[in-house]
Amino acid sequence: MSYDIIIRDGLWFDGTGRSPQPRSLGIRNGIVAAVSTEPLDETGCPEVIDAAGKWAVPGFIDVHTHYDAEVLLDPGLRESVRHGVTTVLLGNCSLSTVYADTADAADLFSRVEAVPREYVFGALQAEKTWSTAADYVAALENLPLGPNVGSLIGHSDLRTAVLGLGRATDPDVRPSDAELERMAALLDEALDAGLLGMSGMDAAIDKLDGDRYRSRALPSTFATWRERRKLIEVLRRRRRILQSAPNVAKPSSALLFFLSSSPMFGRRKPVRMSLLVSADTKSAPGAVYVFGPGTRLLNALLGSQVRLQHLPVPFTLYSDGIDLPVFEEFGAGTAALHLRDQLQRNKLLADIDYRREFRREFDRKKLGPALWHRDFYDAVIVECPDKSLIGKSFGAIADERGVHPLDAFLDVLVENGERNVRWTTTVANHRPKQLDKLAAEPSIHMGFSDAGAHLRNMAFYNYPLRLLRRVLDAQRAGSPFLSVERAVYRLTAEVADWFGLDAGTLRQGDRADFVVIDPAGLDDSVDGYYEEAVGFYGGLRRMVNRNDAAVVATGVGGAVVCRHGEFRDGYGKTAKSGRFLRAAGHQHHEAHV
């Protein structure tokens, strides 16, 4: 029988961590039909990929995206797929669009994820035909999906649907027993529909958009642990996963997640939990030495099953003025971001009393835990109407002017128009040695790309390729920290297992989701800065990655959908390659070191 696709003479990685082998792969009817040491019969095969000197690996799995609105506007999700990602997970950080109505979902999602509200609202208004989880799954399945898609149900979504957005974000409101039962029932319904579990958010840094409850924290942050435990017990009974984030301001809150995961206290089963975030942060340089050993110790003592998500690249952020989520850590920052009108915001930033309060908060925050290092000497201007300032840090400008660094920052924004000043800083994963240790740490797993969110702040769509590039560089330098096969496992089957996804391997009989990589293309371009105008976001210039020489071809469901950055005709519009992945029975793909 002929094949639909043949990947000829590639170095084949099956995704389990086994050593790669030179093989040819034959794909038929969306399935890997042959893995052969001998040449395959190419007679009648319409697509043959010459993979000599290249790698054939399972498609990468991105378990932390915020494509919930974008998938409605552009089901191809090109920015991930062009870099070899074939499965994405929606519904993270307590945010999903399953139950909340259109206006509420737009208010929940837009400011938190830095996506223009008008497009989130417009997408939901035009496409939202569902009111139940089963209908939501059906709606996604009916889209011309590019990659495979799975989803969690967001705690903020559940809370809003049951309490209403106003009550759900009122610190004086506690849900009644009947309302808690209703949340649990909706969660059960979502799990019945095939959603993988629930996502939460315990840190109050994220704020609502819109006009009604603007700048209130997300609903899930108002939940008591009584409420959380009620929902976690549903996940325990159903053997599903929780993705969440402890409160950065209360590091001890992380312990409650380990305790809730544990099968102790009369419970029979642990709950798998994926928590944000394991990183080598500049704001807490000692934390990196605790994450791995601490997580392993608590899991061993409590029998819990907790992993920390990790972005295996330097965490570099960009900002137009003050439009960066880290400023929500300050009351004064939230006050500025509360104002959408540019003139009003500039006026506030120039106000003497406002600045005095901002400085007081800023200096006080240096003593406590935070997401941002708050070092304006490590914040460099890359675009500015005053060209003499480009390339300078705000700290250096402060020294030149003899003012507080925060005042220098605010002065530059006011003088040049707040949104006209673009600057950058790296907040975490800046020490290569520690980054390598994290990549090999068994208590973490790869995730936290935030793909589809923070469109002007960051672009980590290609983080799997960037990890593989570092692995190769370390091997060539004689100081390996991870084998290529282990890195591939960490980017594929490992996270698929943890989240209960039927994906992540490329063996005979598996669905043919694959990426063919040219290791020669894993060069400096993987770290480059690029922008592209996005039509479905009104021409907004979004940060992207562009290293198309690295990915020879991406295949989803047995179809080659992208070659060297060029997508097949009808991709994401009329041609469907991906599907909705319902929760699978918890399968284990044996890992080989």
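What counts as what
Residues numbered from 1 in each chain as written. Predicted model: local features only at pLDDT ≥ 70, side-chain atom pairs only at ≥ 80, totals over all residues. Heavy atoms only, no water. Phe/Tyr/Trp six-rings, centres within 6.5 Å; stacked < 30°, edge-to-face > 60°. Helix = DSSP H or I, 4+ residues; strand = E, 2+ residues; numbered from the N terminus. Buried < 20%, exposed > 50% of the residue type's maximum accessible area, 1.4 Å probe, protein only. Lys NZ or Arg CZ within 6 Å of the ring centre and 35° of its normal. Polar contact = N/O pair within 3.5 Å; in protein donor to acceptor, adjacent residues only side chain to side chain. Contact = heavy atoms within 4.5 Å. Domains from an automatic or database assignment. Arc of directions from axis to C-beta. Axes fitted to C-alpha atoms, helices over the stretch in contact; angles between N-to-C directions. Parallel < 35°, antiparallel > 145°, perpendicular 65-115°, else oblique. Nonpolar A, V, L, I, M, F, W, Y, C, P; charged D, E, K, R; others polar. Pairing = 2+ DSSP bridges. UniProt positions renumbered as here; feature names shortened; annotations may be inferred.

- Under an unreviewed UniProt entry, the name given to the protein is Amidohydrolase 3 domain-containing protein, and the source organism is Mycobacterium noviomagense.

Focus: the packing of aromatic side chains
So, point 1. Considering all chains together, one arrives at 25 aromatic pairs under this definition.
So, point 2. Between Phe13 and Trp55, the aromatic rings sit 5.6 Å apart at their centres with planes inclined by 65°, giving edge-to-face as the arrangement. Note that Phe13 is positioned in the loop between β1 (5-12) and β2 (21-28) and Trp55 in strand β5 (residues 55-58), a separation of 42 residues in sequence.
So, point 3. For Phe13, a relative accessible area of 3% translates into the label buried.
So, point 4. Overall, Trp55 belongs to the buried group, its relative accessible area being 7%.
So, point 5. Counting every residue linked through ring pairs, the aromatic cluster contains Phe327, Phe330, Tyr354, Phe358, Phe362, Trp372, Phe376, Phe394, Phe409 and Trp423.
So, point 6. Here Arg78 stacks its cationic end above the ring of Phe567, 5.5 Å away from the centre of that ring.
So, point 7. Above the ring of Trp225, the side-chain terminus of Arg228 is found at 5.1 Å from the ring centroid.

Here's the deal with the side chain of Arg214
So, point 1. As for its position among the elements, Arg214 is in the loop between β10 (197-199) and α9 (225-238).
So, point 2. For Arg214, a relative accessible area of 11% puts it in the buried group.
So, point 3. Engagement of the side chain of Arg214 in a polar contact is seen with the side chain of Asp209, the distance being 2.5 Å.
So, point 4. Ignoring any residue separated from it by four or fewer positions in sequence, one finds Arg214 in contact with Arg111, Leu208, Asp209, Leu337, His338 and Arg340.

Remarks on the domain arrangement of the protein
So, point 1. The domains assigned to the protein are domain 1 (5-58 + 528-567) and domain 2 (323-427).
So, point 2. Measuring from the centre of the C-alpha atoms in domain 1 to the corresponding centre in domain 2 gives 44 Å.

Brief notes about helix α13 (residues 342-350)
So, point 1. Buried within α13 we find Arg345, Asn346 and Leu349. Looking down the long axis of α13, one finds its buried residues gathered within 100° of arc, a one-sided arrangement. With respect to the buried face of α13, the exposed residues turned more than 90 degrees away are Leu343 and Lys347.
So, point 2. You can read the cap of α13 off the contacts: a side-chain oxygen lies 3.2 Å from the backbone nitrogen of Leu343, and it is on Asp341.

Comments concerning the packing of helix α12 (residues 331-338) against α13
So, point 1. At a minimum axis separation of 9 Å, α12 and α13 run at an interaxial angle of 155°. In terms of orientation, α12 lies roughly antiparallel with respect to α13. In this structure, α12 uses Ala335, Ala336 and Leu337 to contact α13, whose residues at the interface are Arg345, Leu348 and Leu349.
So, point 2. Here the residues of the contact of α12 with α13 sort into five nonpolar, no polar and one charged.

Topic: the sheet that holds strand β14 (residues 315-320)
So, point 1. Spatially, β14-β16-β15 is the arrangement adopted by the three strands of the open sheet, whose pairing is antiparallel. A single partner strand is all that each edge strand has here, and the edge strands are β14 and β15 (380-383). Recorded for the sheet is a direction-independent mean angle of 35° between the axes of neighbouring strands.
So, point 2. In the sheet, β15 pairs with strand β16 (residues 422-428) via three bridges, with the strands oriented antiparallel. Looking at β16, one finds that Glu383 is bridged to Arg422.

Here we look at the UniProt feature "domain: Amidohydrolase" (unreviewed entry) in the protein
So, point 1. The UniProt entry lists residues 47-200 under the feature "domain: Amidohydrolase" (unreviewed entry), expressed in the numbering used here.
So, point 2. Secondary structure content for residues 47-200 is 45% helix and 17% strand, while the C-alpha to C-alpha distance between its ends is 44 Å.

A few points about unusual backbone geometry
So, point 1. The linkage connecting Leu276 with the following residue, Val277, adopts the cis geometry, with an omega of -10°.
So, point 2. Note that Val277 resides in the loop between β12 (272-275) and α11 (288-302).
So, point 3. For Asp9, which is not glycine, the phi dihedral falls at a positive 60°.
So, point 4. Asp9 sits in the partly exposed class, given a relative accessible area of 44%.
So, point 5. One non-glycine residue, Leu77, lies in positive phi territory at about 45°.
So, point 6. Along the chain, Leu77 turns up in the loop between α1 (70-73) and α2 (78-81).

Quick word on the side chain of Glu328
So, point 1. Note that Glu328 resides in the loop between β14 and α12.
So, point 2. On the basis of relative accessible area, Glu328 is assigned to the buried category, the value being 9%.
So, point 3. Reaching out from Glu328, the side chain makes a polar contact with the side chain of Arg111 at a distance of 2.9 Å.

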